Structure formats: C-alpha cells, structure tokens
Amino acid sequence: MSIEFRLPDIGEGIHEGEIVQWLVNVGDNVKEDQPVLEVMTDKVTAEIPSPVSGVVKELRAKAGEVVKVGSVVIVFDDASAPQKPEAPAKSDPRAVEFSVGFNLEDSETTKAKAGTVEKFQNTEKMEKTAAVAASSAGAKVLAAPATRKVARALGVDLSTLSGTGVRGRITPEDVKRYGQGASFIGSNSIGSNSGLSKPASNFKPQPVAASAGDRRVPFAGMRKKIAEHLVKSKQTVPHFAYVEEVDMSNLMQMRRDLKADAEAQGVKLSFLPFIIKAVVAGLRQYPVLNSQLDETTQELVYKGDIHMGIAVATDDGLVVPVIKHADQKNLLTLAAEIQTLSEKARANKLSLDEIRGGTFTLTSIGSIGGLFGVPIINHPEVAIMGINKITERPVVRNGEIVIRDMMNLSLSGDHRVVDGAEAALFTKAVIEYLENPAKLLLV
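Residues numbered from 1 in each chain as written. Predicted model: local features only at pLDDT ≥ 70, side-chain atom pairs only at ≥ 80, totals over all residues. Heavy atoms only, no water.

### Description of unusual backbone geometry
Phase 1: Following His379, the chain continues into Pro380 via a peptide bond in cis, with omega recorded as 15°.
Phase 2: Along the polypeptide, Pro380 turns up in the loop between strand E16 (360-364) and strand E17 (383-387).
Phase 3: Phi is positive for Asp33, which is not a glycine, with a value near 75°.
Phase 4: The topology assignment puts Asp33 in the loop between strand E3 (29-30) and strand E4 (35-40).
Phase 5: If you check the backbone angles, Gln298 has positive phi at about 55° while not being a glycine.
Phase 6: Topologically, Gln298 is positioned in the loop between strand E10 (291-294) and strand E11 (299-302). (Helix = DSSP H or I, 4+ residues; strand = E, 2+ residues; numbered from the N terminus.)

### A look at the pairing of strand E2 (residues 16-22)
Phase 1: Within E2, five of the seven residues are buried, leaving the element largely enclosed by the surrounding structure.
Phase 2: Inspection of the sheet shows E2 paired to strand E7 (residues 66-68) by three bridges, in the antiparallel sense. In the sheet register, Glu18 faces E7, and the bridge partner there is Val66.
Phase 3: As paired elements, E2 and E4 share four bridges and run antiparallel to each other. For Gln21, the partnering residue across the bridge sits in E4 and is Glu38. (Buried < 20%, exposed > 50% of the residue type's maximum accessible area, 1.4 Å probe, protein only. Pairing = 2+ DSSP bridges.)

### Points about the confidence of the model for the protein
Caution applies to low-pLDDT regions: their predicted coordinates should not be interpreted in detail.
Phase 1: Overall, the prediction assigns the protein a mean pLDDT of 79, with 76% of residues at 70 or greater.
Phase 2: Counted against residues more than four places away or in other chains, residues 81-140, with its pLDDT under 50, gives 63 contacts. (pLDDT = per-residue confidence, 0-100. Contact = heavy atoms within 4.5 Å.)

### Points about the pattern of salt bridges
Phase 1: Per the stated rule, a full pass over the model turns up 13 salt bridges.
Phase 2: Lys344 is the partner of Glu354 in a salt bridge, and the nearest nitrogen-oxygen pair spans 2.7 Å. In this pair, Glu354 is assigned in the loop between helix H8 (331-346) and E16 and Lys344 in helix H8, connecting sequence segments 10 residues apart.
Phase 3: The buried category is assigned to Glu354, whose relative accessible area is 18%.
Phase 4: Put simply, Glu432 and Lys439 hold a salt bridge, and the shortest N to O gap is 2.7 Å.
Phase 5: With relative accessibility at 34%, the residue Glu432 sits in the partly exposed group.
Phase 6: A single salt-bridge network, built from bridges that share partners, covers Glu4, Arg6, Glu58 and Arg60. (Salt bridge = Lys/Arg side-chain N within 4 Å of Asp/Glu carboxyl O.)

### Re helix H6 (residues 249-264)
Phase 1: For H6, built from 16 residues, the straight-helix expectation of 22 Å at 1.5 Å per residue is met to within 8% by its first-to-last C-alpha distance of 24 Å.
Phase 2: A maximum bend of about 40° is found in H6 at Leu258.
Phase 3: On its buried face, H6 sits against strand E9 (239-247), helix H7 (272-285), H8, strand E19 (400-414) and helix H9 (420-435). (Expected span 1.5 Å × (residues − 1). Bend = angle between axes of the 7 residues up to and from the residue.)

### Details of the pairing of E4
Phase 1: Across the six residues of E4, five count as buried, placing the element largely inside the fold.
Phase 2: Here E4 pairs with strand E5 (residues 45-49) via five bridges, running antiparallel. Paired with Glu38 across the bridge in E5 is Glu47.

Printed below as a string of structure tokens:
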C-alpha cells in the first residue's frame, strides 16, 4: 500500500519551504519518526520526521526546490499494511491524516479532513489541466481568460507578475494591484509567497552582464529568505528613524562589578541583558511599540507578552532568535539564554519555536563600529532598536566638558502605528534606565 506524505504546516504564517537535502534515498527502509528531509522555512532549517515505517518509493521534489505546504514530497510503500484492493488515496485514513498532521483523531474529524483533502486534490487536478491548456495555447503564465482580459485592459504584462492563487495562478486582483501601481503582491506576513516582490507592474529582471573574473553563486537558501523578508517589510511598512545618544558610563561600571559573579556561574554577561531590561521597562510604559497591526481585520493588537528578538550574525546571514517572556527573566537568566540562542544560531540548530513569535527586536552592530544605522523592522512587529558602538566622547555635564562612555540608539518605527513623539518618549524611557542602571533591579 502506498502512502503519500505531504509537507506539513510546521510554523505560523509559513506556506512553503525549500528542501535543503534529502536524508533518505529511494528504496531505503525508514522507521517512524526518523528524519527524512531538511526543509528551510524563513531563516531556520528543520528536520522533518517520517510519520510511518516503510520503504521509500518516490521522492517527489529535488534538493533546492521550493514546495508548498500540502504538496506531496515523498511516497512510502507500507509493507506492513494488509494487502487489499487499491483504493483512491483520499480513502486511506492514514494518507488523509499525514497530509494535515500526525495525531489521529476521532472518525468524524477524519471524515471532515478527508473531504478537505479530496477537494484539495481535485483543485490540484484542475490547476494542472489549466496549466497544460495554457501551455498548449502558447501562454507563459497560469491565468484564467477573465484575468487575461483585465490584464489587457490595464496594459499589464502577465509574465512580470507573481500569482497569489492556487499553485501560483494569477488572479484579477493581482493584475489590478499592479495596474494601480502597487509594488507588492500577496500576503504581508512572513514566509508567504515565494520570490522577491517586484517594484512595478512593468518590471522585468535584466541579466547581469558578464565580464572576466566574475564568480557566480546561487542566490538561494537562507540569504534569499532574508532578502524576501526584508523586501516585504520595506515595501509594506512606512519606516521612520529616530536616533538619540545615551551615557553608558554608570552601566559599564555596574557590568564590571557583576561580571566576575556571572562568570562564576558560567554566564557571560554582556551589555545586551541590561539593554533588554531597559527596553522591557520602556515597552511597559509605551505598549504601542509592542503591538502588531492585523491587516486582515484592521485591528491593532497590543501583545500581552514581551518576546524579545535578538539579531545574530551568522555565516549565512542575520538570524533573529526570540527570548520568550523576556519581561519575566532576570539579568543572569537573560544572559544565559542569549548565549545559548546565539550559539545555536551560528550552528544552524535553532528550532522553529525559537525564531517565531517575537514582538520587538534588538539588533547590534556595536562590536563592528559605526555611529548609527537605520535597521529594517522585523515585520509584523512595529519597531526595532539598533544598538551602536560605545565610545569615549566629550560631553557637557554641569557646565563642564567631561569624557563619558557614550552610545547611540537607533529606533525604526512603523509610521502607520507609531508616531514620532511616541518613539522619542519610548527611547527616552529606555535611556533613563540605562543611565540609572540601579533602576533595572526593579524591572
């Protein structure tokens, strides 16, 4: 009996994944829960286990291929199953269950899911038929006649569009958005729709001219995922920047006083735990910066938890692991978690849960240098704060010029949600705690 295994929904807002590598080959015997492939989904690589014991009959995708959630990726030959006449895949309860999850449920739920899967399979067949018909007619894209009519009326070249319909079908809404000058097609959520957004309806990629000494490498994997995410954020969110300086002298002294005690407990105490505590205090005072805009319902969601994203530089690009419930943790706990997550990020060992659910992000380039930067918001969050280099600078204190350890904070905000005044007041609150670090003990 053949069992089709579909790519499961393995993360919120994730609609597709890139197959990094297969961990099995056709003909291999696999055990239930044995990892069979690695899939990259929005900055993290996850191993997908087999839902059944059996023999690998088919691999339906190649390494490097992007597949949609719900697509069949592997077919097993379940030799342990009793032999009986072949039946359509949708009538096999296991095949139905494997397409939507791993936990067996009551028969009524299974029947309902079977109907859903059957509908999906029928839609798949219809789309394939449409694709063949379009190809035979000389078309280069998948679009219904009604869509093509709209495109002709608006003067839009369908070959420049990315479709948001089933299996990439271009819809009339896609064409209208491009015809109206929209620069972004599809969902604004992280991980939705493949490919980079196109900036204009008449945009068509042009090849880069070749010259002696060029070296070409595939623009794929994590680097491409990061690019897609940042393009969507920049094109969706009207960014604004606010920069202010903070005197870190007192905090530097507190860190020196606590550093030895932290190391005695096996924890490296950087400045980041202190900054997280200060940001938490600021978010409590100005919760709009810990909110998210639900564009589907047109509601502003004030998040009940503070989950702090910390940008970590890796060989493959910037990754943002998340410290959950950062407002409930003390300095040493934060320091230990920062250390653990950073090491896992650089080793590409982060789980999906460790990179999702953030409500505010901190990114630091202080160790490299620079006066300040303008970080791109980690959408759907509404703000991100950049931490810059600490350096000795002359400043005026009580009418005298003195040398202090100064640092700039760079805040980027979503101007649809956050006003400049709120950004300034929030940053001022963060600075108050950093310049008076004894107050952090009360956070």
